[in-house]
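# Examining the three-dimensional arrangement
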Amino acid sequence: MCTPRISGYGRLPANKIKLKMTTKADGERFQSGADKYAAYLETPEGRLRFDLAFANLQEFLPLPQATWSLRALDLGCGTGATGVRLARLGIHVTLLDSSAAMLDIAKRAAGEAGVTEKIALKQGDAAEVANLFPMESFDVVLCHNILEYVDNPSAVLSAAARVMRSDSRRIAILSVLVRNWAGEVFKAGIQEGDLGAAEHNLTAEWGYESLYGGRVRLFTTNSLVSMLKRTSLAVTAKRGVRVISDYLPPQVSRSADYERIFQLERKLSTRSEFVAVARYTQYLAHCAGRAAEERA
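As a convention, each chain's residues are numbered from 1 in the sequence order in which they are written. With the structure being a predicted model, the display of local features is reserved for residues of pLDDT at least 70 and the display and counting of side-chain atom pairs for 80 or more, all residues being used for whole-chain, interface and lining totals. Side-chain calculation: all heavy atoms of the structure are included, whereas hydrogens and water are not.

## Here we look at the pattern of salt bridges
Here, a salt bridge means any Lys or Arg side-chain nitrogen found within 4 Å of an Asp or Glu carboxyl oxygen. Scanning the entire structure with this criterion turns up eleven salt bridges. Between E59 and R266 there is a salt bridge whose closest N-O contact spans 3.2 Å. On the criterion of sequence distance, the pair formed by E59 in helix α3 (residues 44–59) and R266 in helix α11 (residues 258–268) is long-range, its members being 207 residues apart. Judged by relative accessible area, which is 33%, E59 ranks as partly exposed. R266 sits in the partly exposed class, given a relative accessible area of 25%. It is possible to trace a salt-bridge network through shared partners that takes in R179, E184, R242, D246 and R279. The helix and strand labels rest on DSSP assignments: H or I over at least four residues marks a helix, E over at least two residues marks a strand, and numbering proceeds from the N terminus. To sort residues, take the accessible area from a 1.4 Å probe on protein chains only and compare it with the maximum for the residue type: under 20% means buried, over 50% means exposed, and anything in between is partly exposed.

## Regarding the nonpolar core
Counting 32 residues, the largest nonpolar core has L75, L147, L174 and L233 as the members making the most contacts within it. Among the elements that line this core, the one with the most residues is helix α7 (residues 153–162), at five residues. For this analysis, residues touch if any pair of their heavy atoms sits within 4.5 Å. In contact with L147, other than residues within four places in its own chain, are P153, V156, L157, V176, V178, R217, F219 and L224. Nonpolar cores are built from buried Ala, Val, Leu, Ile, Met, Phe, Trp, Tyr and Cys residues. Side-chain atoms within 4.5 Å join them into one set. Formed by 23 residues, the second largest nonpolar core is a distinct cluster that contains F54, F60, A72 and L142.

Here it is as structure tokens:
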């Protein structure tokens, strides 16, 4: 496992790491909004975020060997879409979510995809990861769109690092997807035409989440990379997710032109000037002490 440090607390035993959602309402919206989230993933915007993040992840998945099979943990798995797709690749996936409604949808999705034997469902909070699973249990840990909602993102990353394998024969990977601060500025100014909101977002630490309503934490590259370093994780690669698609004019059909949009987004996602203003940023990370080739 990585040996993480939590800012402000020093090194803490795994059973002392305690997290909570930023507000009670944050937890409740996921309990009651599972169907709404599932419907969102069927929209061009939701589908694109999901497809791009998965394509980025797939570039860095550890290669399985004949003597072992890969195991993945999806923190805040939601409806299980990513986990099901990983299971189709032959990976054993544990889906963790605090919402029973989300897990019900994930269970149905696994059954429909014929990968039930590859999927384990676990109801629980990201706060309890280090207590729910043995250390060094997973080759892949997903942390997609969950850090925006928790009280202590660094502690979530620390807990994730503890359950990542340290076997020298294979490099475990952590995938983090967060809402990009710069993207909120562009969204307010370009998509919504709200110059006041765009100016406000230049210094805002929180944005507004339109699907459920309520605030979400915003991340800069410096803030996220600093969190990763404090938990003994190093960035393997950084990708922009939804760089231009949110701002396309109405004459461009998000559905009919989906494949062209996806391919353009893929090209933009690796170029630092475009990554900087994407709506979401994805970080692929590994334990800093391990021998891994860093790719920009």
